[in-house]
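# Observations on the model geometry
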Amino acid sequence: MFGYCGTSESDVHELYSGLKSACANDPTLPAIAPGCSAHCHGWGYVIQADNGLFHYRTARSIYEDKITLPKLEGRIRAIFHGRYASKPELTGHIFSHPFVATDDTKVTFFAHNGGIGVDGLPERKVDSEWALEQVIAMGGIESALPTLKEHTRSALNLLVLTIDRKKDTPALLEYFHFFKPKEPGKVEYYNMFEGTMPGGRALVSSTLTMSGAKPGKLTNIKPAVFDKLIRLET
């Protein structure tokens with residue numbers, strides 16, 4: 001997955017192209033899913049730009065889906081996510097990220113990579129949906145993090161876009177990077193990185209820093225801040 005904050009439509013297109021390549025062939029995925037190398041269980045995005053709010057989810061893989069991204073103008077905040085489902089029976093358009101939820105003060109879009117242990121989760125519901133419910137119930141991502149970390153089995157890598165209901169309030173894009181495994185292969189898979197694009201900043205999964213998927217204009221790459229909620233801004 002990746003998050004982007006900036007003013008360049010071409011930056012988004014370049015990151016999107018890299019994510020398609022990463023999802024088609026992820027050399028780190030076998031560490032958590034032996035024998036698998038593709039994030040083939042759907043994908044989606046949310047983009048907040050000056051000219052609109054765009055939200056798309058599908059069960060088709062990102063590298064097979066033939067769509068055209070919307071025209072983007074002005075300030076852009078975006079989340080893109082390609083899905084590998086640990087339970088293949090839980091596939092379909094409704095299970096693709098980013099999920100969305102609302103309350104009286106804001107609209108929240110939420111993308112997650114990792115695993116959360118939840119007792120009594122309904123049969124046709126995924127852990128990321130439960131996590132977003134906690135965010136809404138507790139008034140925001142920062143308040144919900146202790147509970148989410150307590151239930152995390154593998155990783156709690158999050159991208160969260162919050163849009164306030166107050167007119168003319170800028171959208172807020174944040175990330176949280178946290179995982180528990182210590183095995184080198186799993187660490188490589190769950191690692192995330194910050195980088196600079198010509199028109200903004202990006203937060204990317206590890207595969208987007210590797211040959212074959214790395215956007216050519218992604219520079220100044222450094223490890224994402226660990227275990228701290230970070231605002232992605234220019």
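### Description of the sheet that holds strand β8 (residues 172-176)
With antiparallel pairing, the five strands of this open sheet are ordered in space as β5-β6-β7-β8-β12. With partners counted over all chains shown, the strands left at the sheet margins are β5 (99-102) and β12 (230-231), one partner each. Taken together, the four bridges between β5 and strand β6 (residues 106-113) define a ladder with antiparallel strand orientation. Looking across to β6, one finds that Ala101 is bridged to Thr108. On the sheet, helix α2 (residues 127-137) packs against β5 and β6 and is oriented at approximately 145 degrees with respect to β6. Along the sheet, helix α3 (residues 141-151) makes contact with β6, β7 (157-164) and β8, crossing β7 at roughly 155 degrees.

### Focus on the packing of α2 against α3
As a packed pair, α2 and α3 sit with axes 8 Å apart at the nearest point and diverge in direction by 140 degrees. Our classification of the angle between α2 and α3 gives oblique. For α2 against α3, the interelement crossing comes out right-handed. Listed contacts from α3 to Trp130, Ala131, Gln134 and Val135 of α2 are Ile141, Ala144, Thr147, Leu148 and His151.

### A word on the sheet that holds strand β9 (residues 192-197)
Working definition: the strands of a sheet are paired by backbone hydrogen bonds and lie parallel or antiparallel to each other. The seven strands are arranged β3-β2-β4-β1-β10-β9-β11 in an open sheet whose pairing can be described as antiparallel. Because the sheet does not close on itself, it has two edges, and the strands there are β3 (52-58) and β11 (219-223). Looking at each pair of strands side by side, their axes are set apart by 10 degrees on average, direction ignored. In this structure, strand β1 (residues 2-6) lies alongside strand β4 (residues 76-82), joined through five bridges in antiparallel fashion. Bridge pairing in β4 links Tyr4 to Ala78. Along the sheet, helix α1 (residues 9-24) contacts β1, β2 (43-49), β4, β9 and β10 (200-205); its crossing angle with β4, the most-contacted strand, is approximately 10 degrees.

Rules used throughout
- Residues numbered from 1 in each chain as written.
- Predicted model: local features only at pLDDT ≥ 70, side-chain atom pairs only at ≥ 80, totals over all residues.
- Heavy atoms only, no water.
- Pairing = 2+ DSSP bridges.
- Helix = DSSP H or I, 4+ residues; strand = E, 2+ residues; numbered from the N terminus.
- Contact = heavy atoms within 4.5 Å.
- Axes fitted to C-alpha atoms, helices over the stretch in contact; angles between N-to-C directions.
- Parallel < 35°, antiparallel > 145°, perpendicular 65-115°, else oblique.
- Left-handed = near helix turned anticlockwise from the far one by under 90°.

It is worth stressing that arrangement in space is one thing and function is another; only the former is reported here.
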